[in-house]
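# Structure assessment
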Amino acid sequence: MSNEHNVHPTDGFSTLAIHAGQAPDPQTGAVIVPIYQTSTYAQHAVGQTYAGYEYSRTHNPTRTALQTCIAALEGGKHGLAFASGMAAIATLCYLLRPGDHVILGDDVYGGTYRLFSKVLQHYGIRFTLTDLTDAAAITAAFTPETKLIWLETPSNPLLKSMDIAALAEQAHARGAWLAVDNTFASPYLQRPLLLGADFVVHSATKYLGGHSDVVGGLIVVNDDALAERIAFHQNAAGGVPGPQDCFLVLRGIKTLAVRMRQHGENARQIAEMLTKHPAIERVLYPGLPNDPYHAIARRNQESGPTGSGDRAGFGGMVSFIARGGEAQARAIVAKTRLFTLAESLGGVESLIEHPGAMTHASLAGSGVEIDPALVRLSVGIEDIEDLLQDLEQALA
Ligand SMILES: *Cc1c(COP(=O)(O)O)cnc(C)c1O
């Protein structure tokens, strides 16, 4: 299961995206890692494998390539692939024990909140929903049993940014881990492990896959022992992706840098247009210089391969609050032509949604209120003139 050492540690981000774990196939010279559509592997003698592969729940060469590639992109040692982002998150949570406590960002993906509130609680794992931009709230949330801080930055759907390095320090001072869901930023904008996080998690369904044609999840970790424990549970619980899905994520990752730059450029222009629009009360976008989280987003993004939001952009997610309240928000999402009304994000095509009634409906009753006038955009890489025109007509 060795991976060809075809890349150097000093190679640039896109070189790693295109080559890490993806040396030409030694048997045929195939430039693209084959889709190893096999469940099992022949052995020369009992326990004597050809190349370390025995059964595809445990290991599959297409998956190995993806795992090696994402580890390289995140600046980490070990990558692990899963059937979905939620399978990755659930498997990571097998590291927790009954009685453990988790500080959970109050602005996380609805499915993550649902996992903690509706599933893990039954196994004795407790959590406190916490505003991770509020230092006093974080201090108050810690208990002697706190084992993990879980955050997303930028967050979903409010696009708040949290100081990854400071939270890693706080977690470690209290003997806890820091896990960062890096789905929104992608490793092209920020690399949390370089800022001290213990785990990076992705829904590969979003920017990494990038084309809205695959569901997948990833974890990256530096610590060898933690990686081994997660790999044990990856195999024991079995939430693994098939080789075709690994291939699609690998293919998407090759263009991550160019896509992220274009997502960021289109999103910046849309955020600027919305800021000036009379129908909009407030625009939430970390790339706007006067956004309250701009400085923290910049600091987090210094861990990215370009080291700068000015060169890399600030991602493709833009939220806004409609001045006309919920009725207007619902009217806008029904009126766009190119922005498709749909959940999910991170694909080349633009999407629009109403978080209160769609992606974040599972937060109902959590005490966290999603403003019913909030609209979330996943800005795609279509021609910006068309996207601006589409939003203008929907807002008119
Ligand atoms: C979509 C998403 C998830 C869940 O991933 P799936 O691939 O849908 O299981 C987790 N976190 C964030 C931030 C997401 O956007």
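Nothing here was measured: the structure is a model prediction, and the numbers come from that model.

About the thresholds
Residues numbered from 1 in each chain as written. Predicted model: local features only at pLDDT ≥ 70, side-chain atom pairs only at ≥ 80, totals over all residues. Heavy atoms only, no water. Helix = DSSP H or I, 4+ residues; strand = E, 2+ residues; numbered from the N terminus. Rg over C-alpha atoms; globule rule 2.2 N^0.38 Å. Buried < 20%, exposed > 50% of the residue type's maximum accessible area, 1.4 Å probe, protein only. Areas by Shrake-Rupley, 256 points an atom, 1.4 Å probe, with all protein chains shown as cover. Salt bridge = Lys/Arg side-chain N within 4 Å of Asp/Glu carboxyl O. Near = heavy atom within 4 Å. Polar contact = N/O pair within 3.5 Å; in protein donor to acceptor, adjacent residues only side chain to side chain. Nonpolar A, V, L, I, M, F, W, Y, C, P; charged D, E, K, R; others polar. Expected span 1.5 Å × (residues − 1). Contact = heavy atoms within 4.5 Å. Phe/Tyr/Trp six-rings, centres within 6.5 Å; stacked < 30°, edge-to-face > 60°. Arc of directions from axis to C-beta. Domains from an automatic or database assignment. Buried area = accessible area lost by both parts, 1.4 Å probe. Axes fitted to C-alpha atoms, helices over the stretch in contact; angles between N-to-C directions. Parallel < 35°, antiparallel > 145°, perpendicular 65-115°, else oblique. Left-handed = near helix turned anticlockwise from the far one by under 90°. Pairing = 2+ DSSP bridges.

## Structural notes on the overall build of the chain
Counting its regular elements, the chain contains 13 helices and 14 strands. For 396 residues, the compact-globule estimate of 2.2 N^0.38 gives 21 Å, and the chain sits close to it at 21 Å. Taken over the C-alpha atoms alone, the chain extends approximately 75 × 50 × 35 Å along its principal axes. The proportion of buried residues among the 396 residues of the chain is 55%. As displayed, the chain offers around 16,200 Å² of accessible surface, 53% of which is attributable to carbon and sulfur atoms.

## Things to note about the pattern of salt bridges
Considering all chains together, one arrives at 10 salt bridges under this definition. Between Asp131 and Lys160 there is a salt bridge whose closest N-O contact spans 3.5 Å. Of this pair, Asp131 sits in the loop between strand 5 (126–130) and helix 5 (135–141) while Lys160 sits in the loop between strand 6 (146–152) and helix 6 (164–173); the two residues are 29 residues apart in sequence, bridging distant segments of the chain. One salt bridge in this structure joins Glu265 and Arg268, with 2.7 Å as the shortest N-O distance. Of this pair, Glu265 and Arg268 both sit in helix 9 (residues 256–276), three residues apart, roughly one helical turn. A relative accessible area of 32% means that Arg268 is categorised as partly exposed. Each of Asp106, Asp131 and Lys160 takes part in one network of salt bridges that share partners.

## Some words on the site of the ligand
As a structural note, the neighbourhood of the ligand is formed by Ser84, Gly85, Met86, Tyr109, Glu152, Asp181, Thr183, Ser203, Thr205, Lys206, Gly216 and Leu345. In this structure, Ser203 approaches the ligand through a side-chain N or O atom, which is 2.8 Å from an oxygen atom. Separating an oxygen atom of the ligand from a side-chain N or O atom of Thr205 is a distance of 2.7 Å. Bound to the protein, the ligand loses 92% of the 380 Å² it would expose on its own. Class assignment for the residues of the shell around the ligand results in three nonpolar, six polar and three charged.

## As for helix 9
Helix length check: helix 9, at 21 residues, gives a terminal C-alpha distance of 30 Å against a target of 30 Å (1.5 Å per residue), a fit within 8%. For helix 9, every residue scored as buried is listed here: Leu256, Ala257, Arg259, Met260, His263, Gly264, Asn266, Ala267, Ile270, Ala271, Met273 and Leu274.

## Quick notes on the environment of Leu250
For Leu250, the location among the structural elements is in helix 8 (residues 243–253). Taking the C-alpha atoms as reference, Leu250 lies 9.4 Å from Gln67; in sequence the two are 183 residues apart. With sequence-adjacent residues up to four places away left out, Leu250 is seen in contact with Gln22, Thr62, Ala65, Leu66 and Cys69.

## A look at the packing of aromatic side chains
In this structure the tally under the stated criterion is six aromatic pairs. Connected via pairs of aromatic rings, a cluster forms that spans Tyr113, Phe116, Phe127 and Trp150.

## Let's talk about helix 6
Residues of helix 6 that are buried: Ile164, Leu167, Ala168 and Ala171. Down the axis of helix 6, the smallest arc covering the buried residues is 105°, so these residues share one side. For helix 6, the exposed residues set more than 90 degrees away from the buried face come down to Glu169 and Ala173. Where helix 6 is buried, its residues touch helix 5, strand 6, strand 7 (177–181) and helix 10 (294–301). The backbone nitrogen of Ala165 has a side-chain oxygen 3.3 Å away, supplied by the residue at the start of helix 6, namely Asp163.

## What to know about the domain arrangement of the chain
Per the domain assignment, the segments making up the chain are domain 1 (13–253) and domain 2 (257–395). On a C-alpha basis, the centres of domain 1 and domain 2 stand 25 Å from each other. Taken together, the two surfaces of domain 1 and domain 2 that pack against each other cover about 3,400 Å², and 61% of this comes from carbon and sulfur. In terms of surface lost to domain 2, no three residues of domain 1 exceed Tyr188, Leu189 and Tyr207, which account for 24% of the buried area on that side. Our enumeration of links across domain 1 and domain 2 arrives at one salt bridge.

## Some thoughts on the packing of helix 9 against helix 13 (residues 384–395)
Think of two packed helices as two axes; the pair is described by the angle between the axes and how far apart they sit. Viewed as axis vectors pointing N to C, helix 9 and helix 13 meet at an angle of 30°, and their least axial separation amounts to 10 Å. Classified by the angle between their axes, helix 9 and helix 13 sit roughly parallel to one another. For the pair helix 9 and helix 13, the sense of crossing is right-handed. Contact with helix 9, carried on its side by Asn266, Gln269, Ile270, Met273 and Leu274, involves Ile384, Leu387, Leu388, Leu391, Glu392 and Leu395 of helix 13 and no other residues of that element. Along the lines of polarity and charge, the residues of the contact of helix 9 with helix 13 split into eight nonpolar, two polar and one charged.

## Description of the sheet that holds strand 6
The mixed open sheet is built from seven strands, whose spatial order is 3-9-8-7-6-4-5. Two strands bound the open sheet, and with one partner strand each, they are strand 3 (78–82) and strand 5. Pairwise comparison of adjacent strand axes, ignoring direction, gives a mean angle of 20° for this sheet. By the bridge criterion, five bridges tie strand 6 to strand 7 in an arrangement that is parallel. Within strand 7, the residue paired with Leu151 across the bridge is Val180. Against the sheet, helix 2 (residues 61–73) touches strand 3, strand 8 (199–203) and strand 9 (217–221), its axis set at about 130° to strand 3. The sheet contacts of helix 6 involve strand 6 and strand 7, and relative to strand 7 the element is tilted by about 150°.

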